[in-house]
Amino acid sequence: MTDTLVPAPLRQAAPLADGTDAEARPVFAEQRRWLGLTATGWQKILAPIAIGLIVLALWEFIVRQAGIPYYILPGPLRIFTTLIADWGTLSGSLWITLQITGLALLAAVLVGGALSILFTQSKWLEYSLFPYAIVLQVTPIVAIAPLIIIWVNDTLLSLLICAWIVAFFPILSNTILGLNSADHNLINLFQLYGASRWQMLRYLRLPAALPYFLGGLRISGGLALIGAVVAEFVAGSGGTASGLAFRILEAGYQLKIPRMFAALAMVSGAGIVIFLVLSLISHLLLRRWHESAIRREN
Amino acid sequence: MAWAASNAAKTVAATANRPLIVLRGIAKRYSNGTTAVTGLDLDLHAGEFVSLLGPSGCGKSTVLRMIAGLGEPSAGSIDWPTSDHDAHGRPLRDVGFVFQEATLMPWATAQQNVMLPLTLKKVATREAAARAQAALAAVGLDSFRRAYPRELSGGMKMRVSIARALVTEPKVLLLDEPFAALDEITRQKLNDDLLALWAKAGFTVLFVTHSVFESVYLSQRVMVMAARPGRVIADVAIDAPLVRDASFRTSPHYAASCRAVSAKLVEAIAA
Ligand SMILES: Nc1ncnc2c1ncn2[C@@H]1O[C@H](COP(=O)(O)OP(=O)(O)O)[C@@H](O)[C@H]1O
Ligand SMILES: [Mg+2]
């Protein structure tokens, strides 16, 4: 009974007779939870959902009130029923687009990660190759996509290359920044103990780069999807296996506007899911130590 | 106290022998043209507790870093007469270093941080873990092995940093204004604990500080440095008994020593 009167942080064993400083530990107050989520957690989920529902309801209302024909602007309900009706074709295309996105992102992680490590090991490599990475980055993908589609016979592979080109730069530049951002006193400490290049990389530079890499990854996830969709738009035809971009084009030609919107909604949905998954991965990897993932009460 | 007597005896015995570290005519000129230090001589004997005191920017950190081998002097020599040397004739410096900031790896627990020097020297993980635990226990952080740096107070982080410096059981502990960022009470507690560790383990300490009181309280000798260019202008012995506690702070001897060292520091700043 008495101990419930004492605030939770004070009930912990006093850390150490370390003077006043010991009490200056960050205080992590216990919060009430519903279904495993705190009040702020629910807020974060429910607020955007509420806004979404309001906007959709308004959209439906306006479309009905103004009598806008569905081939100009379909209401969300019609888009939803189309999505269900055409699920067979659309889901197949979604799968293709997701595959291209996922593979492009994987390639971006592997090549971007490997290149950034190489660049930080050898200044010469960085000076000679990094400018070309920038060239690749600043050239609009719609301008190079036709060339790549001509050069590479396999359509899927050419789409993959396009998506990769768009996706790899944030990972590369962020990871380079991260690898170079290790605390200089820690670098001195490693030198003091005669650390080898490899030890310096493994125990210092890579962990220091992790938050930066994950930041780049979150950007690249979205870009890989954009790259995959844009490249397919340029290609105009997905051949045997067609992704969502081709469905949008096709529906546009056939004036199946609700279907066009349904495919568009799937692209956006995929983008949101990719972002959430990458954010979750990032949170799980950093929650023990990085400021960005720590929930503070003060 | 027994340890005090034994360490004092060791110091007396060691002074008769060759010093542990000998700096002669050390100069350091940085590539931007700054002359941080010139003509600096310094002897460090085994078991001693020496402070390097001086105004900010007088080259204290520069000297400490050169002793640790982080940066070569532009002129002069740093010898370790009693230490082994490698195939190239370089001394095998046996030092632990404590920076002004705790400088811990935020992604590693207290224990993993303390294990680092051993990990880098390829000591087997199990042995490294056991030694790191012992070192953490020695600084009073037994129960915080699994805590991450962000979960520790400033004073506790500094303790982890000291444990990490001592885990290799070095001959020399170099500290660069280690407690400057801490509050007064924590600082005094850490001063006492550092003295106790030194007395027990018998390593040699070179302690950089800009606080007259801290240098007098801790050390057997205070080397006072002047700036622009950095050089030693006085070497003041604090021949108080080695058992030092709150009563020493109020003793006339402490007051007299502080006055003497302060006078030298005033000279150093005027010089
Ligand atoms: N890496 C460096 N490059 C150039 N100048 C430096 C460098 N480090 C220190 N200095 C200069 O050398 C002088 C002594 O610096 P430092 O040893 O850090 O002094 P202290 O530790 O006594 O404050 C200062 O004037 C400082 O600006
Ligand atoms: Mg300094």
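Within any chain, residue numbers begin from 1 and follow the written order of that chain's sequence. Just so you know, chain letters begin at A and ligand numbers begin at 1, following the order they were written in. The model is predicted, so local features are restricted to residues of pLDDT at least 70 and side-chain atom pairs to those at 80 or more, both for listing and for counting; the totals for chains, interfaces and linings are taken over all residues. Side-chain numbers here rest on the full set of heavy atoms in the structure, without hydrogens or water.

Novice: Could you give an account of unusual backbone geometry, naming the residues involved and the relevant values?
Specialist: Between B:R228 and B:P229 the backbone carries a cis peptide bond, its omega angle lying at -10 degrees. Numbering goes from the N terminus for both helices and strands, where a helix is a DSSP run of H or I of at least four residues and a strand is a run of E of at least two. As for its position among the elements, B:P229 is in the loop between strand 8 (221–226) and strand 9 (231–237). Even without a glycine there, the phi angle at A:L255 is positive, about 55 degrees. The topology assignment puts A:L255 in the loop between helix 10 (244–253) and helix 11 (257–286). Residue classification places A:L255 among the exposed residues on the basis of a relative accessible area of 59%. Although it is not a glycine, B:T103 sits at a positive phi angle of roughly 50 degrees. Within the secondary structure layout, B:T103 lies in the loop between strand 5 (95–98) and helix 3 (110–120). Remark: exposure states derive from per-residue accessible area (1.4 Å probe, protein chains only) relative to the maximum for the residue type, with buried under 20%, exposed over 50%, and partly exposed in between.

Novice: Residue-level account of the confidence of the model for chain A, with values.
Specialist: pLDDT expresses, on a scale from 0 to 100, how confident the predictor is about each individual residue. The predicted model of chain A averages 85 in pLDDT, with 86% of residues at 70 or higher. Contacts are assigned to residue pairs that have any heavy atoms within 4.5 Å of one another. Low pLDDT (under 50) marks residues 1–17 of chain A, which in the prediction has 14 contacts with non-local residues, meaning those over four places away or in another chain.

Novice: Explain the packing of aromatic side chains to me, and be specific about the residues and the numbers.
Specialist: Residue and element names in this part refer to chain B. Any Phe, Tyr or Trp ring, taking Trp's six-membered ring, that has another such ring centre within 6.5 Å forms a pair; planes under 30 degrees apart are called stacked, those over 60 apart edge-to-face, and the others tilted. Under the criterion given, the structure shown has 12 aromatic pairs over all chains. Look at F49 and W198: their rings are 5.5 Å apart centre to centre, the planes differ by 85 degrees, and that puts the pair in the edge-to-face class. Residue F49 is located in strand 3 (residues 49–53), and its partner W198 is located in helix 6 (residues 184–201); the two are separated by 149 residues in the primary sequence. Both residues of the pair, F49 and W198, count as buried. The interplanar angle of 35 degrees and the centroid separation of 6.1 Å between the aromatic rings of F49 and F207 together place this pair among those described as tilted. Of the two residues, F49 is situated in strand 3 and F207 in strand 7 (residues 204–209); the sequence distance between them amounts to 158 residues. Taking the relative accessible area as the measure of exposure, F49 reaches 0% and is therefore buried.

Novice: Residue-level account of the sheet that holds strand 8 of chain B, with values.
Specialist: Residue and element names in this part refer to chain B. Pairing between two strands requires that DSSP report at least two bridges joining them. Spatially, 6 strands are ordered 5-6-7-3-8-9 in an open sheet, and the strand pairing comes out mixed. What marks the edges here is a single partner per strand, and that holds for strand 5 and strand 9. The mean inter-strand angle of the sheet, taken between neighbouring strand axes irrespective of direction, is 20 degrees. This element, helix 5 (residues 154–166), spans strand 5 and strand 6 (172–176) of the sheet and lies at about 165 degrees to strand 5. Interaxial angle, 0 to 180 degrees, is taken between N-to-C directions of lines fitted to C-alpha atoms, where a helix line uses only the stretch in contact.

Novice: Please provide a residue-by-residue account of the sheet that holds strand 2 (residues 35–44) of chain B, values included.
Specialist: All names here are of chain B. Pairing is antiparallel in the open sheet, where 3 strands are placed in the order 2-1-4. This sheet does not close on itself; its edge strands, each paired only once, are strand 2 and strand 4 (75–79). The sheet shows a mean angle of 15 degrees between the axes of neighbouring strands, direction not considered. Where strand 1 (residues 21–29) lies against strand 4, 4 bridges are found, and the strand directions are antiparallel. Paired with L23 across the two strands is I78, which belongs to strand 4.

Novice: How would you summarise the interface of chain B and chain A if you had to cite specific residues and measurements?
Specialist: Opposite the 39 residues of chain B that make contact, chain A presents 31 residues. Simply put, the buried area is the total loss of 1.4 Å probe accessible area from both parts when two parts are fitted together. Together chain B and chain A conceal approximately 3,000 Å² of surface at their shared face, both sides included; 63% is due to carbon and sulfur atoms. The largest contributions to the chain B side of the interface with chain A come from B:W107, B:L120 and B:R150, which together make up 27% of the buried area. Whenever a carboxyl oxygen of Asp or Glu lies within 4 Å of a side-chain nitrogen of Lys or Arg, that contact is scored as a salt bridge. Where chain B packs against chain A, one counts 0 salt bridges. Whenever two N or O atoms come within 3.5 Å, that pair is a polar contact, provided that in protein one can donate a hydrogen and the other can accept it, and provided that, for residues adjacent in sequence, both atoms are side-chain atoms. At the boundary of chain B and chain A, one finds 2 residue pairs in polar contact (both at pLDDT 80 or more). Elements with a contribution of two residues or more to the side of chain B that touches chain A: helix 2 (60–68), strand 5, helix 3, helix 5 and helix 6 of chain B. Examining the composition of the side of chain B that touches chain A, we find that 6 residues originate from one element, helix 5 of chain B, more than from any other. Residues that form the side of chain B that touches chain A fall into these classes: 19 nonpolar, 9 polar and 11 charged. Classification used: nonpolar for Ala, Val, Leu, Ile, Met, Phe, Trp, Tyr, Cys and Pro, charged for Asp, Glu, Lys and Arg, polar for all others including Gly.

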